[in-house]
Amino acid sequence: MWQPTERTGPVVLLVEDDEDLREVTSQMLELRGFSVIAAQDPVSALMKCRVHDGPIDVLLTDLGLPGVSGGELSRSAAAVRPTMKVVYVSGLPEATAVKKGLIKAGSPFITKPYTADILAGMLRNVLAQGSATSNR
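**Describing the environment of V12**
Tracing the backbone through its elements, the reader meets V12 in strand β1 (residues 11–15). You can call V12 buried: its relative accessible area is 0%. When near neighbours in sequence (up to four residues on either side) are disregarded, V12 contacts L29, F34, S35, V36, I37, V58, L60 and L123.

Below you can see the structure in the form of structure tokens.
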């Protein structure tokens, strides 16, 4: 079975309800130097925000989660981790997600399917910004 690399890079809270995609995305990120805390739904993601004793640098969340959208999750998570940045992913095109009010225009966003390099590049760009994302 695959084993994660040593956890030394930026910490990503990955929220994805599809188990296979969550596992693959975790592996892709860990192989590119990120530490990953994986959650299958908004409830477990918020719990992990509260109990994790170290920093969480960025929330990587699917927009289409059961019960609560990724946008709603990011707002709730900001109450617990105000400096955590956010990147959204969805199978919807970005323009559709904006039009439906799921995200604000200009929010860090990646359309599924994505490559490991595109995902890691987006996360690194967002992390290089000086403060938490204001597009929640």
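**Looking at the pattern of salt bridges**
If you walk through the whole model with that rule in mind, you get three salt bridges. Note that R32 is salt-bridged to D117, the shortest N-O span being 3.2 Å. Taken together, the positions of R32 in the loop between α1 (19–31) and β2 (35–39) and D117 in helix α5 (residues 116–128) put the pair 85 residues apart, joining distant regions of the chain. In this structure, a network of salt bridges that share partners links the residues E16, D62 and K112.

**Examining a negative patch on the surface**
Together, D17, D18, E19, D20 and E23 make up a region of like negative charge exposed at the surface. By relative accessible area, D18 is classed as partly exposed at 39%.

The rules behind these values
- Residues numbered from 1 in each chain as written.
- Predicted model: local features only at pLDDT ≥ 70, side-chain atom pairs only at ≥ 80, totals over all residues.
- Heavy atoms only, no water.
- Helix = DSSP H or I, 4+ residues; strand = E, 2+ residues; numbered from the N terminus.
- Buried < 20%, exposed > 50% of the residue type's maximum accessible area, 1.4 Å probe, protein only.
- Contact = heavy atoms within 4.5 Å.
- Salt bridge = Lys/Arg side-chain N within 4 Å of Asp/Glu carboxyl O.
- Patch = residues over 30% accessible without salt bridge, like charges linked within 9 Å, V, L, I, M, F, W, Y side chains within 5 Å.
- Areas by Shrake-Rupley, 256 points an atom, 1.4 Å probe, with all protein chains shown as cover.
- Lys, Arg positive; Asp, Glu negative; His and termini not counted.
- Charge placed at Lys NZ, Arg CZ, Asp CG, Glu CD.

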